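This is what each chain is made of:
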Protein chains: 2
Amino acid sequence: MLPYARMNLAQQEKITAQCVLFKDLSPEVCRIVLQNGRFMSVNQGEYFFHQGETADTLYVILNGRVKLIQLTDAGQQVIVNYFGAGAGLGIIVALSNIPYPLSAEAVEACTAVAWNKDTMKQLMRQQPQLAFNGLEMIGHRFAQLQKRFQDISTQRVEQRVARALLRLVRQFGKRIPQGVLLDMPLSREDLAQMTGTNLYNVSRIMSKWEQAGIIGHDHRKVILCKAHELVLIAEDLDILDRSPKK
Amino acid sequence: MLPYARMNLAQQEKITAQCVLFKDLSPEVCRIVLQNGRFMSVNQGEYFFHQGETADTLYVILNGRVKLIQLTDAGQQVIVNYFGAGAGLGIIVALSNIPYPLSAEAVEACTAVAWNKDTMKQLMRQQPQLAFNGLEMIGHRFAQLQKRFQDISTQRVEQRVARALLRLVRQFGKRIPQGVLLDMPLSREDLAQMTGTNLYNVSRIMSKWEQAGIIGHDHRKVILCKAHELVLIAEDLDILDRSPKK
DNA sequence: CGTAAAATTGACGCTAATCAAGGTCCGTGG
DNA sequence: CCACGGACCTTGATTAGCGTCAATTTTACG
């Protein structure tokens, strides 16, 4: 992890424009908040924080992608989410006086702004809108997690994998001639850990999709060719194509 | 739902003593906050709010138990949690400007305090500690949901049911001579909806446990006789008893 | 070009979902 | 008081889905 440094103006503008934390704050206030934070870089494979550590810092991602990982008692990994620019890390936790419940790993080289939790609390005391913005970020994350909980308790593996892909595409997809490219490192194992299954099932499912022309690949990266078909699978409405199962 | 009314003093003391929302607030401030809320009763089977409704009210439960239910697109129910006295309802959501992501049903006659979301925001602006207490409640709920997400993606059904029971016992268990009584209405279907399975599996599992003397029942209510055994099952450490499976 | 990591594919067995049939408990009304 | 109906529970049979292991192939990269 590189030492902290000052942000330049372009970076400041970027973060205030795209992060909910700065919603409805005057440029003046934004400047104060940013001055109390520290600019930092995290190399690929390094961690922002580890599960179980005392949560004393919170972050907002400027560049790069971060993987949120939970480790079970038995040592299994569960990938809770991927985050990109504008997302907050440890916001909920640092403000709740509990240890980080998961680890945050940079899957690419990342830059971020970091605040000490007490500094942020002090800022929120002075600027209640900042606290409400924090609450709003948390609310969305909470609703999203609840939806995923619902998915994993009611959907079959194939649907869960489809949904995971669609979610990633919505977050990180880039349009290319053949369709939408998921321009990020993403192994079968990763997808398995996101969907509560194993890499063998994911591999089988994706092979099937590739043969059906729904997805393709460029090097190790996934290309979504027929998004609508994947939506049908995700919604369990693809019965027409396959053998009826009820 | 009965009309709103004033709280009496005993009720006021109860809520300020047991709810995190009032932590580190002076009695004076507590009084102000409570005066801005409304006392209310909800009959068994009635709802505090429904999934999808605009979230304009937040609650703290005084008495009774509440079931949080999510409905999937396909119409399946998922029980996210049970809450009892001292817990908050809609706190996250009402402060985040998003619709309720689930429904809250009173499984017993309940009393609660309700605040309008804008009133609460105003109070939080004046008393930042109130906002931080809200954040702390949310933080615990978030960590708990993440843990359950982890469970459901890595554990087998029997372990999940064991964990669900243990969680309910910790929340609502009452000591009786034979063990710990779960003094609440709880059908096989309810347990199935909590653990992402169906009532048949739950019934089979609980029949097995009852034959092994781990649990018992009084009318329709569950009694936990050998909690330690259930913990072993929940932690997947009961291999000694059964046939080895690896 | 060689090695290690990642992905594929087949075989096998178990878990858990599903369907069907019947039983138990309870309140209600004849 | 007893018979009936409905909600809830139990149990068996069956099967699809999924996890696991093993063997092999492909891909990335030094």
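This part takes up the interface of chain B and chain A. Taken together, the contact pairs 40 residues of chain B with 40 residues of chain A. Considering only the surface of chain B that becomes buried against chain A, B:F132, B:F142 and B:F149 emerge as the three largest contributors, covering 18% of it. Remark: the boundary between chain B and chain A carries zero salt bridges. For the pair chain B and chain A, the number of links is six residue pairs in polar contact (both at pLDDT 80 or more). At the level of elements, strand 4 (66-71), strand 5 (77-83), helix 4 (117-126) and helix 5 (128-154) of chain B are the ones that each hand at least two residues to the side of chain B that touches chain A. Counting residues per element, the side of chain B that touches chain A draws most heavily on helix 5 of chain B, which supplies 20 residues. Of the residues contributing to the side of chain B that touches chain A, the split by class is 19 nonpolar, 13 polar and eight charged.

Right, let's get into the packing of aromatic side chains. Applying the stated criterion to the full structure yields nine aromatic pairs over all chains. Between the aromatic rings of A:F49 and A:Y100, the centroid separation amounts to 3.7 Å while the plane-to-plane angle is 5 degrees, which identifies the pairing as stacked. Of this pair, A:F49 sits in strand 2 (residues 47-49) while A:Y100 sits in the loop between helix 3 (91-94) and strand 7 (103-106), and the two are 51 residues apart along the sequence. Owing to a relative accessible area of 3%, A:F49 belongs among the buried residues under this scheme. Cluster of aromatic residues (ring-pair linked, three or more members): A:F48, A:F49, A:Y59 and A:Y100. Here the guanidinium or amino end of A:R65 rests over the ring plane of A:F172, the centre of that ring lying 4.9 Å away. Over the face of the ring belonging to B:F132 we find A:K121, whose NZ or CZ atom lies 5.1 Å from the ring centre.

With that settled, the discussion passes to the protein's contact with DNA strand D. If you check the shell around DNA strand D, you find 17 residues, and the closest are A:V157, A:T197, A:N201, B:R188 and B:S203. In the interface set of DNA strand D, defined as its atoms within 4 Å of the protein, sugar plus phosphate atoms amount to 65%. With respect to DNA strand D, the side chain of A:R204 contributes an N or O atom lying 3.0 Å from a base oxygen. Here A:H219 contributes a side-chain N or O atom positioned 3.4 Å from a phosphate oxygen of DNA strand D. The element best represented in the surface near DNA strand D is helix 8 (residues 199-211) of chain B, accounting for four residues.

With that out of the way, let us pick up the side chain of A:S96. Within the element layout of this structure, A:S96 appears in the loop between helix 3 and strand 7. At 2.6 Å, the side chain of A:S96 forms a polar contact with the backbone oxygen of A:I92. Those residues in contact with A:S96, other than ones at most four positions away along the chain, are B:L135, B:E136, B:G139 and B:H140.

This part takes up the pattern of salt bridges. Where charged atoms of side chains with opposite charge meet at close range, the side chains can pair. Residue and element names in this part refer to chain A. Inspection of the entire model under this criterion finds 22 salt bridges over all chains. Between R163 and D151 there is a salt bridge; the shortest N-O distance is 2.7 Å. One end of the pair, R163, is in helix 6 (residues 157-172); the other, D151, is in helix 5 (residues 128-154), with 12 residues separating them in the sequence. Under the relative-accessibility criterion, D151 is labelled buried at 12%. Two residues, D183 and K174, come together in a salt bridge whose shortest N-O distance is 3.0 Å. Several salt bridges converge on common partners, so that one network encompasses K147, D151, R163 and E235.

Taken together, 17 residues sit near DNA strand C, with A:R188, A:S203, B:V157, B:T197 and B:N201 positioned nearest. Restricting the count to atoms of DNA strand C within 4 Å of the protein gives a sugar and phosphate share of 70%. Side-chain polar atom of A:S203 to a phosphate oxygen of DNA strand C: 2.6 Å apart, as the coordinates give it. Within the contact set of DNA strand C, a phosphate oxygen lies 2.4 Å away from a side-chain nitrogen or oxygen of B:T197. Looking at the surface near DNA strand C, the elements that each hand over two or more residues are helix 8 (199-211) of chain A together with helix 8 of chain B. The element contributing the most residues to the surface near DNA strand C is helix 8 of chain A, with four residues.

Residues and elements named next belong to chain B. With five of its six residues buried, strand 4 lies for the most part within the structure. Direction of pairing for strand 4 relative to strand 5: antiparallel, over a ladder of six bridges. From the neighbouring strand, I69 faces strand 5, where its bridge partner is I79. Adjacent in sequence and paired antiparallel, strand 4 and strand 5 are bridged by five residues, among which G75 carries a positive phi angle near 95 degrees.

A few words on the domain arrangement of chain A. Residue and element names in this part refer to chain A. Per the domain assignment, the segments making up chain A are domain 1 (9-152) and domain 2 (155-234). The C-alpha centroid of domain 2 is placed 26 Å from the C-alpha centroid of domain 1. In this assembly, 16 residues from domain 1 lie in contact with 16 residues from domain 2. Contact with domain 2 buries surface across domain 1, with R65, Y82 and D151 losing the most and accounting together for 44% of the total. Residues K67 and D190 are paired through a salt bridge, measuring 3.3 Å at the closest nitrogen-oxygen approach. Here domain 1 is connected to domain 2 by six residue pairs in polar contact (both at pLDDT 80 or more). A total of six residues in the side of domain 1 that touches domain 2 trace back to one element, the largest contributor, which is strand 5 (residues 77-83). When grouped by side-chain class, the residues that make up the side of domain 1 that touches domain 2 number six nonpolar, four polar and six charged.

Mapping chain B onto chain A calls for a screw motion: a turn of 180 degrees about the axis and a shift of 0.0 Å along it, with 0.1 Å RMSD after fitting. Here the symmetry operator amounts to a two-fold rotation axis. Closest to the rotation axis within chain B is the C-alpha of B:F149, separated from it by 2.8 Å. A symmetric contact is evident, with 100% of the interface residues of chain B recurring at the interface of chain A.

Moving on: helix 6 (residues 157-172) of chain B. Helix length check: helix 6 of chain B (16 residues) gives 22 Å between terminal C-alpha atoms against 22 Å at 1.5 Å per residue, within 8%. Burial within helix 6 of chain B is extensive, with 13 of its 16 residues counted as buried.

Parameters and conventions
- Residues numbered from 1 in each chain as written.
- Chains lettered and ligands numbered in written order.
- Predicted model: local features only at pLDDT ≥ 70, side-chain atom pairs only at ≥ 80, totals over all residues.
- Heavy atoms only, no water.
- Contact = heavy atoms within 4.5 Å.
- Buried area = accessible area lost by both parts, 1.4 Å probe.
- Salt bridge = Lys/Arg side-chain N within 4 Å of Asp/Glu carboxyl O.
- Polar contact = N/O pair within 3.5 Å; in protein donor to acceptor, adjacent residues only side chain to side chain.
- Helix = DSSP H or I, 4+ residues; strand = E, 2+ residues; numbered from the N terminus.
- Nonpolar A, V, L, I, M, F, W, Y, C, P; charged D, E, K, R; others polar.
- Phe/Tyr/Trp six-rings, centres within 6.5 Å; stacked < 30°, edge-to-face > 60°.
- Buried < 20%, exposed > 50% of the residue type's maximum accessible area, 1.4 Å probe, protein only.
- Lys NZ or Arg CZ within 6 Å of the ring centre and 35° of its normal.
- Near = heavy atom within 4 Å.
- Pairing = 2+ DSSP bridges.
- Domains from an automatic or database assignment.
- Least-squares fit on C-alpha atoms with pLDDT ≥ 70 in both.
- Expected span 1.5 Å × (residues − 1).

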